[in-house]
Amino acid sequence: MAGKNNASGEGHTPKTKKQPPPPPFYIPLNIALYIFLAANCLAALYAPIQDCDEVFNFWEPAHYLQHGYGLQTWEYSPVYSIRSWLYVSLHAIVGKLGSMFVHSKTAEFYTIRVFLAFVCSACQTRLYSAICRTLSPRIGLLFLMVVIFSPGMFHASTAFLPSTFTMYMSMLGLAAFLDWKNAQRAAHGIMWFGLGTIVGWPFAGALIVPLLAEEVILTLTSGSMVNLFWTIADGLIGCLGILAVEVAVDYAFFKKFALVPWNIVAYNILGGEGKGPDIFGTEPWTFYIRNLLLNFNVWFALAMLSAPFLVFQIAFRSHTTSLQTSLRSLSLVAPFYMWFGIFTLQPHKEERFMYPAYPFLALSAAFSFHIILTYLGSTDRKELVGRIPTKFKITAALSVVLIALNAGMLRTLGMVTAYNAPLKIYEPLQDIAVTQREDTVCFGKEWYRFPSSYFLPHDLRAKFIRSEFRGLLPGEFPDAPSYLERLGGASQIPSGMNDLNIEDPSKYIDISQCSFLVDSHFPGHDATELEPHYALDKDNWETLSCASFLDSSQTGLLGRLIWIPNLPIIPDRFQRKWGEYRLLQRTSAKNIV
């Protein structure tokens, strides 16, 4: 019995069982993954294509690799070779695997997009995990909110663009650098950023500079420069391996040695007079401010305030955080400022150029709001904020969050409902009774909204007719039934290509050769000789399908910015005005001249 008493601890002070530390996540990782995936899959299914470059430079070459025909831009000519076939091939492989389970090219398109949604979700979850574990669970939660509800991330998450791929790699690279106690993680970070720079977009290499600078500073204070050298060497070796694979793949297609990342840099920076990106249009310095306010609303303003807030915290509230942590925080927000500054200075501006910096924008915004919440949480009566009623502070903080979330959702819904028509109207072409072999679908003024040949059934080709546009339109890859012939077709130098955006008349066919025509009609818009109202020409064309498309010229500013319900109680000046996006079919063969 004595043994029993001793075993039960009778007569002794019982040992307290050590409690495990609380999990570093306000939202568990598996739930966060599902949330990211839900948002990104919605983008994959409903997001309109924002940029014709996405179609002609990436969807069309991928379609060529899968199906043996497609439209070709000058960038893929071996003469210029400023687009890598490695990036396109990775997506084409996904589409080919998807074709084993789906039975239409349109389904292959969405298969690739959903795959991108999964990849993006995995990268977001990895970064969310690193932020929560190494910075703060609250910063991680704020990061999640920015990413989920921002229209910018909605469009960027599943776009078939190198800048989107670079954004994925930025998330993985940033996550690796956040795990700074593990030297191997830094090597992984260099490799991830290198992968985004080589396969995606070479300018993205600038994003790693502040992070590497912090590594150097920390190493100088600890005196382990040899370890840093080998860490950087390890990462660079991985980058060289990636570059070797890309050069080999591009050699197979171009039949010549091509260093595509260098070609891109040379064209954009060293192109010379009359060349370079500026010939495709320039924008004022305010372009990215306006664009990011639309795509991130309150979060963009907070991201721009992150460095001042951090400096304020270092200078006046150093007791709330250590100096090392504050300096580290500055190195984490620096890439967004640097990227924003570099691209604001460039005359040629496009929304997609900001995609690689979106993770840093979201993290910077989360930092700012975290600092604000920490300040509001002070109960020190010696400070002004400590004398403000708690309920008022909670209400103010929640108001900011609700404004940001609602503005983001209304903007996203507005974009989808306004501009999704080009993804909807091609369904009648899937009916074999409607189309015949070698029919043509023509595009005039709507050429830049063509969603790719994935939306046309087999043997139905996209063609261009004359419009008011006077730049260089895409040509066509040579027809290639076999994969070996596709490699040969990609190495052929196409005719009529140039890097000066000079129009090539051979890219057009006469409208009499068109079996189908895609056109938009906006009541009140004047017709021209080259852009007549085809939808009203009942003698030659009949409507196969029609979808509403926002008439931005007749819609007020608020209706262009966000979704507004079509209700009688909404004043007319706030109502969204609509045109029609149509797929037309020639009424009879006798009308063909």
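In this text the structure is predicted, and so the values were computed from the model without any measurement.

Rules used in this analysis
- Residues numbered from 1 in each chain as written.
- Predicted model: local features only at pLDDT ≥ 70, side-chain atom pairs only at ≥ 80, totals over all residues.
- Heavy atoms only, no water.
- Helix = DSSP H or I, 4+ residues; strand = E, 2+ residues; numbered from the N terminus.
- Rg over C-alpha atoms; globule rule 2.2 N^0.38 Å.
- Buried < 20%, exposed > 50% of the residue type's maximum accessible area, 1.4 Å probe, protein only.
- Salt bridge = Lys/Arg side-chain N within 4 Å of Asp/Glu carboxyl O.
- Axes fitted to C-alpha atoms, helices over the stretch in contact; angles between N-to-C directions.
- Parallel < 35°, antiparallel > 145°, perpendicular 65-115°, else oblique.
- Left-handed = near helix turned anticlockwise from the far one by under 90°.
- Contact = heavy atoms within 4.5 Å.
- Nonpolar A, V, L, I, M, F, W, Y, C, P; charged D, E, K, R; others polar.
- Phe/Tyr/Trp six-rings, centres within 6.5 Å; stacked < 30°, edge-to-face > 60°.
- Lys NZ or Arg CZ within 6 Å of the ring centre and 35° of its normal.
- Pairing = 2+ DSSP bridges.

(A) Highlighting the overall build of the protein. Summing up its helical and strand segments, the protein has 19 helices and seven strands in all. Over its C-alpha atoms the protein spans a radius of gyration of 28 Å, differing by no more than 12% from the 25 Å that the globule rule assigns to 593 residues. The dimensions of the protein, computed from C-alpha atoms along their principal axes, are 105 × 65 × 65 Å. By the burial criterion, 51% of the 593 residues in the protein qualify as buried.

(B) The arrangement of the pattern of salt bridges in detail. Under the definition given, this model contains 18 salt bridges. Across the salt bridge formed by Asp-53 and Arg-352, the nearest N and O atoms sit 2.5 Å from each other. Residue Asp-53 is located in helix H3 (residues 52–67), and its partner Arg-352 is located in the loop between helix H15 (323–344) and helix H16 (358–376); the two are separated by 299 residues in the primary sequence. Neither Asp-53 nor Arg-352 differs from the other in exposure class; each is buried. Notably, a salt bridge pairs Arg-449 with Glu-446, separated by 2.7 Å at the nearest N-O pair. Judged by its relative accessible area of 24%, Arg-449 falls in the partly exposed class. Taking relative accessible area as the criterion, Glu-446 reaches 3% and is therefore assigned buried. Through salt bridges with shared partners, one network takes in Asp-51, Asp-53, Glu-350 and Arg-352.

(C) Summary view of the packing of helix H14 (residues 306–316) against H16. Taken N-terminus to C-terminus, the directions of H14 and H16 make an angle of 40°; their axes are 9 Å apart at the nearest point. Considered as vectors, H14 and H16 are oriented oblique to each other. Where H14 crosses over H16, the handedness of that crossing is left-handed. Taken together, the residues of H16 that come into contact with H14 (itself represented by Ser-306, Phe-309, Leu-310 and Gln-313) are Ser-364, Ser-368, Ile-371 and Ile-372. Here the contact of H14 with H16 is built from residues that sort into four nonpolar, four polar and no charged.

(D) How the structure looks around the packing of aromatic side chains. Going through the model one piece at a time under the given rule, you end up with 47 aromatic pairs. Note on Phe-56 and Phe-464: the rings are 6.4 Å apart at their centroids and 70° apart in plane angle, and the pair reads as edge-to-face. Linking Phe-56 in helix H3 with Phe-464 in strand E3 (residues 461–464), this pair joins segments that are 408 residues apart in sequence. No difference in accessibility class separates Phe-56 from Phe-464, as the two residues are buried. Considering the side-chain rings of Tyr-64 and Trp-85, the 6.4 Å spacing of their centres and the 55° angle between planes classify their relative orientation as tilted. Here Trp-85 lies in helix H4 (residues 85–98) and Tyr-64 lies in helix H3, a separation of 21 residues in the sequence. Using a relative accessible area of 0% as the deciding quantity, one classes Tyr-64 as buried. Taken together, the ring pairs connect Phe-58, Trp-59, Tyr-87, Phe-109, Tyr-110, Phe-160, Phe-165, Tyr-426, Tyr-454 and Phe-455 into an aromatic cluster. One residue, Arg-486, lies across the ring of Tyr-483, its end atom 4.6 Å from the ring centre.

(E) The pairing of strand E7 (residues 578–586), seen in detail. Most of E7 is tucked away, with seven of its nine residues classed as buried. Here six bridges tie strand E5 (residues 516–521) to E7, and the two strands are oriented antiparallel to one another. Note on E7: the bridge partner recorded for Phe-516 is Gln-585. Here nine bridges tie strand E6 (residues 541–550) to E7, and the two strands are oriented antiparallel to one another. Paired with Trp-541 across the bridge in E7 is Arg-586.

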